[in-house]
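What follows is the residue order along each chain.
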Amino acid sequence: MRILWELSRNRPVVEVQFMVAGNGQTVTRTLLADTGAGAANAPFHLVLAEEDCLLFGLCAAAPVQLSRAISGAFPAVEVTASILALSLTQHVIAVAVPSRHLPTNLHGIAAFRFLNSFHYGNFGDATRFGLETL
Amino acid sequence: MLQLTEEQEHDLKVAAIINREARSDPLSPYRGKWVAVLRDQVVAVDDTLTEASHRLRSLEPDRNCGIIIEASADYEAEYEIWGVRGS
């Protein structure tokens with residue numbers, strides 16, 4: 001299965017649904033698809049605003065140290081993330097950062113570990129970015 | 001829940017010991033596992049985050065209790081975020 005999203009201000013993005021802790025409600029967030037964020041073995045999949053981590057967090061995870069564009073030690077939480085078009089729901093680790101660190105007009109970052117669990121790219125359409133299940 | 005409670009700080013210390021063991025001892029039972037610590041006790045050692053989380057929450061529903069780590073991950077490393085700004 002594959003899903004593609006239009007580029008947002010010429011940047012690749014993914015739309016992810018998150019479950020609000022405690023009430024099962026889902027909220028959609030648009031995240032920068034950033035293969036330059038983290039590494040395949042990094043202990044996190046996403047970078048989200050602190051407010052969203054408070055909303056979606058199911059459990060505290062060990063803090064994570066980031067550097068370069070976002071620098072410092074930040075708390076991390078487990079969240080439930082879904083991409084409905086791919087029939088995918090998974091528990092992942094999100095690093096909680098102040099929203100001022102996040103990409104302009106986006107809700108967060110889908111880091112390399114998250115993207116790397118899919119085939120990813122433009123699949124022949126330079127105006128879009130997509131994910132396909134492995 | 002972003003600010004760890006005193007109890008979770010203790011859990012994090014236990015988790016750090018497990019993390020060091022998993023990374024240094026090839027025979028560690030925690031190697032490659034997701035581990036949940038609750039009130040200084042290891043309460044879950046599972047192959048997936050989902051399993052460890054469910055086991056933890058079946059014991060303690062309060063999301064401000066307990067902590068989860070990926071036992072073999074390197075939490076001492078700095079992970080680069082290359083750039084986030086765009087027009």
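Residues numbered from 1 in each chain as written. Chains lettered and ligands numbered in written order. Predicted model: local features only at pLDDT ≥ 70, side-chain atom pairs only at ≥ 80, totals over all residues. Heavy atoms only, no water.

**Digging into unusual backbone geometry**
Among all residues save glycine, negative phi is the norm, and among peptide bonds the norm is trans. Residues and elements named next belong to chain A. For the record, the criterion: Helix and strand assignments follow DSSP, with helices taken as H or I runs no shorter than four residues and strands as E runs no shorter than two, numbered in order from the N terminus.
Phi is positive for R9, which is not a glycine, with a value near 50°. Inspection of the secondary structure puts R9 in the loop between β1 (2–6) and β2 (13–19). The residue N105 is not glycine, and still its phi comes out positive at about 65°. In this fold, N105 is placed in the loop between β7 (88–97) and β8 (108–110).

**Quick look at the confidence of the model for chain B**
Note the cut-off: Per-residue confidence from the prediction method is given by pLDDT, with values spanning 0 to 100.
Per-residue confidence for chain B gives a mean pLDDT of 95, with 97% of residues at or over 70. Interface confidence in the predicted complex, given as ipTM, is 0.95; pTM for the same model is 0.96.

**Digging into the sheet that holds β1(A)**
All names here are of chain A. Heads up, the condition is: Criterion used throughout: strands pair if DSSP finds at least two bridges between them. Note on definitions: angles span 0 to 180 degrees between N-to-C directions of axes, and those axes are lines fitted to C-alpha atoms, for helices only across the stretch in contact.
The three strands lie next to each other as β1-β10-β9, forming an open sheet whose pairing is antiparallel. Pairing within the sheet leaves two strands with one partner each, and these edge strands are β1 and β9 (118–121). Sheet twist, expressed as the average angle between the axes of neighbouring strands with direction ignored, equals 15°. Note that β1 and strand β10 (residues 128–133) share five bridges and pair antiparallel. Paired with R2 across the bridge in β10 is E132.

**Let's talk about the interface of chain A and chain B**
What counts is decided by this rule: Residues count as neighbours in contact if any of their non-hydrogen atoms are within 4.5 Å of one another. Salt bridge criterion: a side-chain nitrogen from Lys or Arg within 4 Å of a carboxyl oxygen from Asp or Glu. Any N or O atom pair separated by 3.5 Å or less is treated as a polar contact, with the protein-specific requirement of one donor-capable and one acceptor-capable atom, and with residues adjacent in sequence counted only for side-chain atom pairs. Side-chain classes are defined by residue name, with Ala, Val, Leu, Ile, Met, Phe, Trp, Tyr, Cys and Pro counting as nonpolar, Asp, Glu, Lys and Arg as charged, and the others, Gly among them, as polar.
Facing 46 residues of chain A, the contacting portion of chain B comprises 33 residues. Where chain A touches chain B, the interface holds two salt bridges. The salt bridge partner of R68(A) is E80(B), with a shortest N-O separation of 3.8 Å. In this structure, the connection of chain A to chain B is made through 15 residue pairs in polar contact (both at pLDDT 80 or more). It is strand β5 (residues 59–68) of chain A that provides the largest number of residues to the side of chain A that touches chain B, a total of ten residues. Grouping the constituent residues of the side of chain A that touches chain B by class yields 29 nonpolar, nine polar and eight charged. Here β5(A) pairs with strand β3 (residues 67–70) of chain B via two bridges, running parallel.

**Section: the pairing of strand β4 (residues 46–49) of chain A**
All names here are of chain A. Where β4 and β7 come together, four bridges link them in parallel fashion. Residue pairing for β7: L46 is matched across the bridge by A94. In terms of strand pairing, β4 meets β8 through three bridges, oriented antiparallel. By the bridge assignment, V47 is partnered in β8 with I109.

**Notes on helix α1 (residues 6–24) of chain B**
Filter applied, for reference: To estimate how far a helix should reach, multiply one less than its number of residues by 1.5 Å. Categorising residues by exposure relies on relative accessible area from a 1.4 Å probe, with only protein chains included: less than 20% of the type maximum marks a residue as buried, more than 50% marks it as exposed, and the intermediate range marks it as partly exposed. This arc is built from the directions going out from the helix axis to the C-beta atoms.
Here α1(B) spans 28 Å end to end across 19 residues, near enough to the 27 Å set by a 1.5 Å rise per residue. Among the residues of α1(B), Q8(B), D11(B), L12(B), A15(B), I18(B), N19(B) and A22(B) are the ones counted as buried. What you see down the axis of α1(B) is that its buried residues fit within an arc of 125°, all on one side. With respect to the buried face of α1(B), the exposed residues turned more than 90 degrees away are E6(B), K13(B), I17(B) and S24(B). On its buried side, α1(B) packs onto β5 of chain A together with β1 (34–38), β2 (41–46) and β3 of chain B.

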